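# Structural features, examined
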Amino acid sequence: VLGAAPGEWDAAQGACRGRQCEVDLTISGAPMWHGKDEHGEEGVLNLKGPTGEYDAGFLCRMAPLNIAQDHWITGFEPIVPAFTLVHHMDLFLCDRQAEEYFDFGDPTVCSTDAFMPGDSLYGVKGVAGVLLKAAMPSMGPQERLHSCHRVSLVWDKDALGFHLPEGMGIRVGPGTADKHLLMVQNHYLVPRGWDKTGVRDTSGLKVFMTRDPPPTEVGLFAVNDFGLRIPARTQAHVHTYLMPSDALEDALGPEFAAVGEVHLVAAHLHMHGTGKEISVKHVRGDQEIGQFGRIRDYKGYGVDQTFFKLDDEDAQRTLRPGDALRVTCVFDSSGLDAPTPYGISHGTEMCAAIFVYAPVVSDVPHLKSNMVNTVTV
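A few points on the structure. Note that this is a predicted model, so its numbers are computed, not measured.

## Focus: the pattern of salt bridges
Between side chains of opposite charge, a pair can form as their charged atoms come close. One pass over the full model with this rule turns up 13 salt bridges. Notably, a salt bridge pairs Arg17 with Asp10, separated by 3.8 Å at the nearest N-O pair. Across the salt bridge formed by Asp337 and Arg233, the nearest N and O atoms sit 2.4 Å from each other. Here Asp337 is found in the loop between β23 (324–331) and β24 (340–341), whereas its partner Arg233 is found in the loop between β16 (229–230) and β17 (237–243), with 104 residues between them in sequence. Side by side, Asp337 and Arg233 carry an identical accessibility label, which is exposed. Within this structure, Glu22, Asp24 and Lys206 form a network of salt bridges that share partners.

## Here's the deal with the pairing of strand β13 (residues 200–210)
Of all eleven residues making up β13, eight are buried, and the element is well covered by its neighbours. Relative to β13, strand β4 (residues 20–31) runs antiparallel, the two sharing ten bridges. When the bridges of β13 are listed, Ile27 appears paired with Ser203.

## Some details on the pairing of strand β15 (residues 219–225)
For β15, the tally of buried residues reaches seven of seven residues, placing the bulk of the element in the interior. Side chains Gly219, Phe221, Val223 and Asp225 project from β15 onto one buried face, and the interleaved Leu220, Ala222 and Asn224 project onto a second face that is buried too. Direction of pairing for β15 relative to strand β25 (residues 352–358): antiparallel, over a ladder of five bridges. Looking at β25, one finds that Gly219 is bridged to Tyr357. Bridge count for β15 against strand β26 (residues 371–374) is four bridges, and the pairing is parallel. Residue pairing across strands places Asp225 opposite Thr374, the latter belonging to β26.

Criteria and thresholds
Here the residue numbers are simple positions, counted from 1 along each chain's written sequence. At least 70 in pLDDT is required for a residue's local features to be given in this predicted model, at least 80 for side-chain atom pairs to be given and counted, and no such filter applies to totals for whole chains, interfaces and linings, which use all residues. Calculation of side-chain values draws on the structure's entire complement of heavy atoms; hydrogens and water are dropped beforehand. What counts as a salt bridge is simple: a side-chain nitrogen of Lys or Arg found within 4 Å of a carboxyl oxygen of Asp or Glu. Per the convention used, a helix needs a DSSP run of H or I reaching at least four residues, while a strand needs a run of E reaching at least two, with both numbered from the N terminus. Burial classes follow relative accessibility: with a 1.4 Å probe on protein chains only, a residue under 20% of its type's maximum area counts as buried, one over 50% as exposed, and anything between as partly exposed. Two strands are said to pair when DSSP picks up at least two bridges between them.

Worth remembering: the numbers are spatial, not functional.
This is the structure we're talking about:
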């Protein structure tokens, strides 16, 4: 059950009771086991990691908010109990008819982001590209129109919350083209060797909202490489990939069409436990003209998972059609005897970046996902 804490939200009016409010969106009683328990209840752990253990799972739930007036999200804080098994939490913006087209209670739909129009891979060429793209799930025109096009908040394990710079907000509500429902997706990861039943998790997000339109409307987009693979016993393995211009033009299409450019204002750079350094370079033509965030001494789970404001010089430089992003991650696998693949379980890694950008054109449909992926081969 997804619960919204009462008090500051007026359910009858579909709005904050005051000009601002805090809404707690928590998934209560998530069952942290694999298979059925003695009462026949199915656990959430249905995904195997490289070790063969069922150590991960997802739950997706729509927020019980009938948003009848436009609001702007201005920040979030994690709601995480002292003992938690949640690994990351995302908040998606969904079309108001999304539940008619997608079964969000289906573990496969939830865990594979099948509710997003992400049936494209970018920068993958040759035979490998043809085969990989053929394996991607396709989405019909009605499903695409009524899907969850945008991820709007992202929290990863042990990160702090994040509040947008003053004067910025993420618009939600009936006045937008494709954002009316809020959907929480929680990813759970239990310790190695987990064999318990009866354990439940109650984690979520405290979302800060205002009814007052801010001067600047913002949004998110993310870049990721499914092809990450780190060799064993390597002290400083460097993994680099280019997210090409066509990917960014798909994710930011309405903004590029309306204003011709966007500013990146904040970043969340994401790796797991073996990550040691991560950076994102801004590529224009055949030159790197700057960067959009760098962490030199990455500490894995913790504060380094938190969004941070970009330096003024980088935030003032605009991302334009034709530009690309080059992501570089450095990993230390010197203590591991087996290669480390991309993944969401123990023994896996990631090399990803999520950005807050401005402005957002919210009265035009975004029919492409704002989570763009490649596969290095």
